[in-house]
Amino acid sequence: MKGRYSGHGKPVCPGALSMRMTRGCAVSRRLPVLAALGLLLAGCAGTGRTPDCRAVGGNAVYLVDRGWHTEIGVPVAALSGPLAVYRDIFPGARTVLFGYGKKTFFTAPASSVEEYLIGPFPGPAVVQVFAMTTTPDRAYGPDAVVVLPMSRAETDRLSEFIGGDLERGRDGRPRLIAVGHRPESLFYAARSRYTLFHTCNGWVAQALGRAGLPVSDDGVVFAGQVMARGARAAAMMCRPEGP
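Residue indices follow the written sequence of each chain, beginning from 1 at its first position. Residue-level local features of this predicted model are given only where pLDDT is at least 70; pairs of side-chain atoms are given and counted only at 80 or more, and the full residue set underlies all totals for whole chains, interfaces and linings. Each side-chain value is worked out from all heavy atoms of the structure, with water and hydrogens disregarded.

Our next topic: the overall build of the protein. Starting at the N terminus, helices and strands are each numbered in turn, a helix being any DSSP run of H or I of at least four residues and a strand any DSSP run of E of at least two. Scanning the protein from terminus to terminus reveals eight helices and seven strands. Put simply, the protein has 243 residues, and 53% of those count as buried. Computed with a 1.4 Å probe, the accessible areas rest on the Shrake-Rupley method; for each residue, only the protein chains presented here act as cover. Here the protein has roughly 10500 Å² of accessible surface; of this, 56% comes from carbon and sulfur atoms. Under the scheme applied here, a residue whose accessible area is under 20% of the maximum for its type counts as buried, over 50% as exposed, and between as partly exposed, the area being computed with a 1.4 Å probe on protein chains only.

So, in C-alpha cells, the structure goes:
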C-alpha cells in the first residue's frame with residue numbers, strides 16, 4: 001500500500017469522513033432515526049474538552065469524538081513496535097487515527113433499517129487506520145478532541161495494545177482487508193471480535209487503560225462516556241501552562 005497515500009489532511013466533512021459507512025456527512029442525518037430505533041451504539045452523550053495544559057514530556061495522544069464512536073489519534077513520531085509499519089505505509093502523515101468496529105458494518109454502508117438493527121450483534125471486527133497530515137484538534141476542532149499528555153512508555157504500551165489486536169499476514173504485516181473511499185483510510189482484520197460488550201467505544205477506553213491512563217472501560221457504551229473519562233484523565237495528567 002505504500003505510495004497510495006494522497007497526503008490530504010483536513011477532512012472535507014469533519015466528524016464523519018473516516019467511516020466509509022457514513023458516505024460523507026450522511027450519518028448526521030441518520031442519527032435521529034437510529035436513536036428512535038433504540039440502537040445503543042448510534043448515539044453520543046456529549047464531549048469533554050481538554051483543559052488548557054502542557055503535556056509533561058512533550059508527548060500527546062488524541063481522543064477524537066466522531067459523533068457515534070471514538071477514535072485514538074497517535075502522532076507518527078510516537079508509533080512504535082507493531083505500529084511503526086504505518087510510517088512506511090503513510091509517508092508524510094503527521095497523525096494516524098485508529099478506530100474499531102464490526103467488519104460488515106464498518107467497511108460497507110448499511111442500506112436498510114434491517115442492517116442497522118443487526119449492526120450491534122457479534123461478529124468479526126476490523127481496525128480502521130486513517131492517516132492525516134495535521135492533528136485532530138485542527139481538523140475537527142477542539143470541542144471534538146481531548147488531548148492526552150502521555151509518557152513515552154505509555155505511548156509504547158498503547159502501540160502494543162493496538163498492534164496486538166491486528167491480525168498478521170504471512171509477511172508479518174497487518175492483514176489489509178479493505179480500502180476506504182479515500183486511499184488514506186484502510187481497514188485491517190482484528191484478532192478480537194465485536195460484541196455487545198466489546199464495542200468501538202469500549203475498545204478505545206480499553207486501549208487507553210492498557211496504556212496506563214486513568215481511563216476505565218467498565219460500562220462503556222456511548223462515545224460521550226469515553227470523551228468524559230478522557231477529559232477527566234487529561235485534567236489529572238496536565239499541569240497549567242507556564243510563561
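A word on the nonpolar core. Here, the term nonpolar core denotes a set of buried Ala, Val, Leu, Ile, Met, Phe, Trp, Tyr and Cys residues that are joined through side-chain atoms within 4.5 Å. With 46 residues, the main nonpolar core has Tyr86, Phe98, Leu148 and Leu158 as its most contacted residues. If near-sequence neighbours (up to four positions away) are discounted, leucine 158 is found in contact with Val61, Ile72, Val74, Met150, Ala207, Leu208 and Ala211. Residues count as neighbours in contact if any of their non-hydrogen atoms are within 4.5 Å of one another.

Moving on, we come to the side chain of arginine 66. In this fold, arginine 66 is placed in the loop between β1 (60–65) and β2 (70–75). Relative accessible area serves as the criterion here: at 4%, arginine 66 is assigned to the buried category.

On to the sheet that holds strand β5 (residues 145–149), then. In this description, strands pair whenever DSSP reports at least two bridges between them. In space, the seven strands of this open sheet follow the order β5-β1-β2-β3-β4-β7-β6, with antiparallel pairing throughout. A strand with exactly one partner marks an edge of an open sheet, and here the two such strands are β5 and β6 (176–179). Between one strand axis and the next, the sheet turns by 30 degrees as a mean value, whatever way the strands run. As paired elements, β1 and β5 share five bridges and run antiparallel to each other. Here an angle of 0 to 180 degrees is reported between the N-to-C directions of two axes, which are lines fitted to C-alpha atoms, with helices fitted over the stretch in contact.

Time to look at the packing of helix α6 (residues 152–164) against helix α7 (residues 200–211). Two elements in contact, α6 and α7, have axes separated by 7 Å at closest approach and are oriented at 135 degrees. By the angle between their directions, the pair α6 and α7 is classed as oblique. Our pair here, α6 against α7, has a crossing hand that is right-handed. Where α6 abuts α7, its residues Glu154, Arg157, Leu158, Phe161 and Ile162 lie against Trp203, Gln206, Ala207, Leu208, Arg210 and Ala211. Three classes are used, and their members are as follows: Ala, Val, Leu, Ile, Met, Phe, Trp, Tyr, Cys and Pro are nonpolar, Asp, Glu, Lys and Arg are charged, and the others, Gly among them, are polar. Here the residues of the contact of α6 with α7 are counted per class, giving seven nonpolar, one polar and three charged. When an angle is under 35 degrees it counts as roughly parallel; over 145 it counts as roughly antiparallel; between 65 and 115 it counts as roughly perpendicular; any other value is oblique. Crossing handedness is read from the near helix: turned anticlockwise from the far helix by less than a right angle, it gives a left-handed crossing, and turned clockwise, a right-handed one.

Once that is clear, we can look at the environment of threonine 155. The residue threonine 155 is located in helix α6 in this model. You can call threonine 155 buried: its relative accessible area is 1%. Sequence-distant contacts of threonine 155, that is, excluding residues within four places in its chain, are made with Val61, Ala78, Ser80 and Met150.

Let's shift gears to the pairing of strand β7 (residues 185–194). Within β7, eight of the ten residues are buried, which leaves it mostly tucked inside the rest of the structure. Where β6 meets β7, three bridges bridge the pair, whose relative direction is antiparallel. Within β7, the residue paired with alanine 178 across the bridge is phenylalanine 187. Taking the residues that link successive antiparallel strands as the turn, the β6-β7 hairpin has five residues.

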